[in-house]
Amino acid sequence: MSSLLILNGVAMLTVRSEDVCDGKPKVKALVLLSGGLDSLLAAKLISDQGIGIDVVNFATPFCLCDHCSVDRFVKELDIKVHRVYLGQDFLDIVVNPPHGHGSQMNPCMDCRILMLKKAKELMKTTGAEFIVTGEVLNERPFSQRKEALLHIEKDAGLEGRILRPLSGNLLPETIPEKKGWIDKQKLLSIEGRRRLPQIDLARKIDIKNYPCPSGGCLLTDPRFAQRLKEHLQHDKGLTLQDVFLLKIGRHFRLGETKIIVGRNEEENNRLLAIAKNREMSYLEAVDYEGPVTLYLEKEKTDFLEKSAAITVRYSDAPKDIPVRVLCRISSKELLYMDVTAVDDKEIVNLRI
Ligand code: SF4
């Protein structure tokens with residue numbers, strides 16, 4: 001592995017023995033490795049051509065993957081991994097993507113551009129000459145069409161420097177091909193959504209335990225997308241804290257107030273911790289097991305009674321008699337209410 005030294009303000013790339021081939025420094029590539037099968041195959045194909053690789057693994061607040069396959073892969077091949085978290089800059093794109101959303105709230109075009117721009121910065125420090133991705137032509141209806149792939153690399157300032165080995169024979173020649181750094185004969189012509197060629201190839205080059213393709217990104221989940229859209233109709237911005245809350249509990253809209261009702265002990269503990277840390281109001285049934293309900297409104301308390309009735313609805317308490325509910329208002333004031341559970345018809349209309 002090589003590393004960057006700064007001497008008297010001058011950046012120098014130091015080269016170690018594993019970066020050298022026949023006395024010459026190995027050409028190096030930076031692989032975008034999500035951990036899905038396509039990117040694992042792309043990394044392996046390029047590494048097998050004698051190209052030195054580092055990998056970059058991006059995570060967003062909407063990632064569902066556990067990154068285990070990335071960890072296994074880099075450990076097995078002894079590769080350096082750079083982990084990059086896309087935080088608020090990514091959230092701003094989700095709210096207002098210049099190229100629009102995909103089928104749900106996924107801004108795939110702009111997400112890829114952002115990732116590639118970050119990867120371009122990493123090329124300087126790693127000494128990588130080009131970037132490798134596991135993208136497959138037409139695997140996704142919009143962002144992986146040929147024109148989209150070329151537009152994305154142009155916007156990221158990486159024209160000709162992105163090699164997509166799985167579909168390389170179907171795409172314009174790239175700089176690493178022109179320079180003869182990689183063997184063009186070994187690039188593939190995979191296209192479309194059928195994944196049989198990739199599964200077949202994985203068997204041949206002995207890649208096992210890869211995650212299923214449906215995992216990945218919450219922004220493509222219709223239920224979550226609906227929740228996020230509803231949030232943006234009431235609140236123009238999106239913060240990491242908002243996303244954290246959007247991912248847990250059952251959500252209800254009462255006028256302009258939103259409440260979040262925990263679904264299990266873990267969520268209850270998280271909601272309680274937020275309420276305490278941020279001095280927010282929350283409710284709990286007094287004599288029965290049940291949810292913690294976070295009340296996301298600091299000033300107004302108009303909907304406390306309705307929130308209490310929803311809390312009872314999801315508790316173990318009887319649903320046809322008044323039940324005592326404790327409401328802790330902004331961690332200072334305690335209020336007890338005796339309420340009957342809200343009925344099922346009404347709850348459907350309130351649920352986000
Ligand atoms: S599915 Fe999600 S992580 Fe993947 S490119 Fe689209 S927005 Fe980005």
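Residues numbered from 1 in each chain as written. Predicted model: local features only at pLDDT ≥ 70, side-chain atom pairs only at ≥ 80, totals over all residues. Heavy atoms only, no water.

*Asks:* Please explain the sheet that holds strand β10 (residues 250-254) as it appears in this structure.
*Replies:* Within a sheet, neighbouring strands are paired by backbone hydrogen bonds and run either parallel or antiparallel to one another. The 6 strands lie next to each other as β10-β11-β13-β12-β14-β15, forming an open sheet whose pairing is antiparallel. Both edges of this open sheet fall to β10 and β15 (333-339), since each of them pairs with a single strand only. Averaged over neighbouring strand pairs, the angle between their axes works out to 25° when direction is ignored. Here strand β12 (residues 281-285) runs beside strand β14 (residues 323-329); their pairing, made up of 4 bridges, is antiparallel. In the strand pairing of β14, Leu-283 is matched with Cys-327. Strands β10 and β11 (257-261) of the sheet are contacted by helix α8 (residues 222-234), whose axis makes an angle of about 30° with β10. In this fold helix α11 (residues 304-313) packs onto β10, β11, β12, β13 (293-295), β14 and β15, with an angle of close to 65° to the strand it touches most, β15. (Pairing = 2+ DSSP bridges. Helix = DSSP H or I, 4+ residues; strand = E, 2+ residues; numbered from the N terminus. Axes fitted to C-alpha atoms, helices over the stretch in contact; angles between N-to-C directions. Contact = heavy atoms within 4.5 Å.)

*Asks:* Just checking my understanding: could you explain the pattern of salt bridges for this structure?
*Replies:* A side chain with one charge may pair with a side chain of the opposite charge, provided their charged atoms come close. This structure, assessed with the given rule, holds 21 salt bridges. Lys-306 is the partner of Glu-346 in a salt bridge, and the nearest nitrogen-oxygen pair spans 2.6 Å. A residue pair is termed long-range when its members are at least 10 positions apart, and Glu-346 in helix α12 (residues 344-350) and Lys-306 in helix α11 qualify at 40 residues. Residue classification places Glu-346 among the partly exposed residues on the basis of a relative accessible area of 28%. Each of Arg-112, Glu-135, Glu-153 and Arg-164 takes part in one network of salt bridges that share partners. (Salt bridge = Lys/Arg side-chain N within 4 Å of Asp/Glu carboxyl O. Buried < 20%, exposed > 50% of the residue type's maximum accessible area, 1.4 Å probe, protein only.)

*Asks:* How should I be thinking about the pairing of β15 in this particular structure?
*Replies:* Each regular strand displays side chains that alternate between the two surfaces of the sheet. Pairing analysis gives 7 bridges linking β14 to β15, with the strands arranged antiparallel. Pairing of Arg-328 across the sheet is with Leu-334, part of β15. Between β14 and β15, which pair antiparallel one after the other, the connecting turn spans 3 residues, and Ser-330 there sits at a positive phi close to 45°.

*Asks:* Teacher, can you tell me more about the pairing of β10 here?
*Replies:* Most of β10 sits inside the fold, with 5 of its 5 residues counted as buried. Hairpin connection from β10 to β11: 2 residues lie between these consecutive antiparallel strands, with Gly-255 at a positive phi of about 60°.

*Asks:* I would appreciate a short explanation of the environment of Arg-193 in the present structure.
*Replies:* Mapped onto the secondary structure, Arg-193 falls in the loop between α6 (175-178) and α7 (196-204). Through-space distance from the C-alpha of Arg-193 to that of Glu-139 is 4.4 Å; in sequence the pair is 54 residues apart. Setting aside residues no more than four positions away along its own chain, Arg-193 makes contact with Asn-138, Glu-139, Arg-140 and Pro-141.

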